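Coordinates in review
Okay, here's what each chain looks like letter by letter:
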Amino acid sequence: MLSLLEKVAVYEVGLGIGYFKIRNVIDWVDSTILELNSSKIPYILYEVSLSSNKKIIDVISLLSELTKGNYKVTASKVILGLIYKSFEKKEIEINEVVTLMYRLAWQLNIEDHVFSKINGLEADYEMAVDGYGDMPNVIKEIQEFLVIFEIYGELICVGPKD
């Protein structure tokens, strides 16, 4: 199970790459506030709860005040697991999977081997889109990569993405 700050990092990263919308983050924060003992709720979560009219960057900034840049490795693995689940459930298409992975790789300081693999898969996908590769094989490779993170996606319960 993830700690509160690890969950905050998941929503921070997910919002930053476009996996989550502000409404998803606010809904999660609201349910978290209701579940926790009031003495354990960081004040910033109340600010996030009232952020429906704020810009994405402002909400990310609030969330990052709590995480202080920590938990990014765990959060990125969870996000990759959630992307896998969303793709398997046909909630997102392969082009969105590739876009989300690419954003994740370039916005975070993720592990080198994960960064390299994502960049290679993205390049293979773009080549296949341009007619220079076997799209079914590329999709299979992407699924094989993402399934490694499936267990991380199970560590957090999230509602619908949109």
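So, here is what we can say about the structure in this document. On a predicted model such as this, the values are computed, not experimentally measured, just so you know. (Residues numbered from 1 in each chain as written. Predicted model: local features only at pLDDT ≥ 70, side-chain atom pairs only at ≥ 80, totals over all residues. Heavy atoms only, no water.)

**Points about the packing of aromatic side chains**
In the structure shown here, the tally under the stated rule is 7 aromatic pairs. Summarising the aromatic geometry, the rings of Tyr11 and Phe20 are spaced 4.5 Å apart at their centres and angled 20 degrees between planes, so their arrangement reads as stacked. In this structure Phe20 comes out as buried when scored by relative accessible area, which is 3%. On the basis of an interplanar angle of 45 degrees and a centroid distance of 6.2 Å, the ring pair of Tyr102 and Trp106 is categorised as tilted. With Tyr102 and Trp106 both in helix α6 (residues 94-107), this residue pair falls 4 residues apart, about one helical turn. Here Trp106 falls in the exposed class, since its relative accessible area comes to 52%. One aromatic cluster is present, formed by Tyr11, Tyr19, Phe20 and Trp28 through successive ring pairs. (Phe/Tyr/Trp six-rings, centres within 6.5 Å; stacked < 30°, edge-to-face > 60°. Buried < 20%, exposed > 50% of the residue type's maximum accessible area, 1.4 Å probe, protein only. Helix = DSSP H or I, 4+ residues; strand = E, 2+ residues; numbered from the N terminus.)

**Things to note about the side chain of Asn119**
Note that Asn119 resides in helix α7 (residues 112-129). You can call Asn119 buried: its relative accessible area is 18%.

**Comments concerning the layout of surface pockets**
In this model, the largest pocket occupies a volume close to 370 Å³. Taken together, 21 residues make up the lining of the largest pocket; nearest its centre are Tyr11, Trp28, Ser31, Thr32 and Cys157. Listing elements by their share of the lining of the largest pocket, those giving two or more residues are α1 (4-17) and α2 (22-35). Broken down by element, the residue count for the lining of the largest pocket peaks at 6 residues, all from α2. Among the residues making up the lining of the largest pocket, the classes are represented as 12 nonpolar, 5 polar and 4 charged. (1 Å grid on protein atoms, 1.4 Å probe; cavity = no way out; pocket = protein on both sides within 12 Å on 5 of 7 lines; lining within 4 Å. Points joined across faces, edges and corners; volume = space filled by probe spheres on them. Nonpolar A, V, L, I, M, F, W, Y, C, P; charged D, E, K, R; others polar.)

These values are about where atoms sit, not about what they do.
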